[in-house]
Amino acid sequence: MIDNNMHRGPIGVFDSGYGGLTILKELRKKLPELDYLYLGDNARAPYGSRSYDVVYKFTLEAVKYLFGRGCPLVILACNTASAKALRTIQQNDLPAINPANRVLGVIRPTAEIIGNLSSSGTIGIMGTEGTVNSGSYDMEVAKLFPSFKVVSQACPMWAPIVENNEASGPGADYFVDKYVRTLLSQDSTIDTIVLACTHYPLLYPKIRAAVPSSVKVVNQGEIVADSLADYLRRHPEMDSRIARGGRCSYLTTENPDKFNDLARIFLEEPVEVDHVDIL
């Protein structure tokens, strides 16, 4: 029988597109000694408006691919995949694929710290239509903080604005103001807003400017990085399986040149990426 601890591999970081790079950036900042393998399913993005069945199918294919590349742990750095696929993969698929491996998401760690941030108990969630319609944040917050209220707002234009490199342009102001106003008009007691899409950190300066100074605006990257560090501390059996060379590799299902151009927006540095077919 093969001893899993004998084979160290990178942490797999998966997103349907580019937004997960904001999570990866914070993971590397927090845990720079670890190896990472980023996979963007850019050819089939965006996932936000796709059905549960399709998101689950695509996400499972990506997870299996990353396991096949030696990743013992995969992080779904995508709110839509976390909302629509994570639980099914954890409960139904993982035991059959490899019960020693793990798949983690971004929603649970974000929900876990909400209680430390909100005084009013009213949280605003801004995300894709898929994330908002899934009700995943409502469910996770309700489990952890039953007295809290979640108010959600879909922001379908925000991710396209970022991917078209218009995040700092004047055209973004209209849609940032529009969605922020719509969210806050739903409940005047919102005192914390979670940016529940990994693209949104690039719009942070405009969002922060549109939100009253008394309202906190929370990015997920640091939260997920802190959560991963804590997870590895609590699970030495997994920690021992992670390769430690400070390396980071990038894979995309799209054209590598296109990925490189857009990745630079998110990482503020050029990357080398390889094209892969995950089917």
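Everything that follows concerns the structure shown earlier in this document.
A brief look at the structure comes next.

So, how was this worked out
Residues numbered from 1 in each chain as written. Predicted model: local features only at pLDDT ≥ 70, side-chain atom pairs only at ≥ 80, totals over all residues. Heavy atoms only, no water. Helix = DSSP H or I, 4+ residues; strand = E, 2+ residues; numbered from the N terminus. Expected span 1.5 Å × (residues − 1). Buried < 20%, exposed > 50% of the residue type's maximum accessible area, 1.4 Å probe, protein only. Arc of directions from axis to C-beta. Contact = heavy atoms within 4.5 Å. Core = buried A, V, L, I, M, F, W, Y, C linked by side-chain atoms within 4.5 Å. Pairing = 2+ DSSP bridges. Axes fitted to C-alpha atoms, helices over the stretch in contact; angles between N-to-C directions. Right-handed = clockwise from strand over helix to strand, strands pointing away. Phe/Tyr/Trp six-rings, centres within 6.5 Å; stacked < 30°, edge-to-face > 60°. Lys NZ or Arg CZ within 6 Å of the ring centre and 35° of its normal.

### A look at helix 4 (residues 86-97)
Its twelve residues give helix 4 an end-to-end C-alpha distance of only 14 Å, which falls more than 12% under 16 Å, the value for a rise of 1.5 Å per residue. If you check which residues of helix 4 are buried, you get L86, I89, D93 and L94. Around the axis of helix 4, the buried residues are gathered within 110° of arc, so they sit on the same side. Exposed residues pointing more than 90 degrees away from the buried face of helix 4 are listed as Q91, N92 and A96. Those residues of helix 4 that are buried are in contact with helix 2 (52-68), strand 3 (73-76), helix 3 (79-84) and strand 4 (102-104).

### Describing unusual backbone geometry
Of note, the amide linkage connecting A45 to P46 takes the cis form, showing an omega dihedral of 0°. Despite not being glycine, N165 shows a phi value in the positive range, around 60°.

### Here's the deal with the nonpolar core
In this structure, L21, W158 and Y250 are the most contacted members of the largest nonpolar core, which totals 71 residues. A total of seven residues in this core trace back to one element, the largest contributor, which is helix 12 (residues 221-234). Those residues within four positions of W158 in sequence are excluded, and the remaining contacts are M126, F175, V176, Y179, V180, Y200, L203 and I207.

### Digging into the sheet that holds strand 9 (residues 248-252)
Ordered in space as 4-3-1-2-9-10, the six strands form an open sheet in which the pairing is parallel. Bordering the open sheet on either side are strand 4 and strand 10 (273-275), each of which pairs with just one other strand. Geometrically, the sheet is characterised by an average inter-axis angle of 25° between neighbouring strands, direction not taken into account. Alignment of strand 1 (residues 11-15) against strand 2 (residues 36-40), held across five bridges, turns out to be parallel. Residue pairing in the sheet places F14 in a bridge with L39 of strand 2. Taken strand by strand, helix 1 (residues 20-30) contacts strand 1, strand 2, strand 3 and strand 9, and its axis lies near 175° from that of strand 2. The sheet strands contacting helix 12 are strand 1, strand 3 and strand 4, and the helix crosses strand 3 at an angle near 155°.

### Points about the pairing of strand 7 (residues 192-196)
Burial analysis of strand 7 places five of its five residues in the buried class, which makes it a mostly covered element. Pairing analysis gives five bridges linking strand 5 (residues 122-127) to strand 7, with the strands arranged parallel. Bridge pairing links G127 to A196 in strand 7. Of the pairings in the sheet, the one linking strand 7 to strand 8 (residues 216-218) comprises three bridges and is parallel in character. Each residue of the ladder has a partner; that of T192, found in strand 8, is K216. With helix 11 (residues 204-210) bridging strand 7 and its parallel neighbour strand 8, the resulting β-α-β unit is right-handed.

### Quick word on the packing of aromatic side chains
On inspection of all chains with the given rule, the structure shows eleven aromatic pairs. Relative to Y250, the ring of Y38 lies with its centre 6.3 Å away and its plane at 50°, an arrangement referred to as tilted. With a gap of 212 residues between them, Y38 in strand 2 and Y250 in strand 9 connect regions that are remote in the sequence. Take Y250: its relative accessible area is 5%, and that puts it in the buried class. The positively charged end of R44 is found above the aromatic ring belonging to F58, 3.6 Å away from the centroid. Between K84 and the ring centre of Y52, over which it is positioned, the NZ or CZ distance is 5.4 Å.

### Observations concerning the side chain of N79
Among the secondary structure elements, N79 is positioned in helix 3. Every residue in contact with N79, bar those within four places of it in the chain, is listed here: V106, I107, T131, Y137, A196, C197, T198 and Q220.

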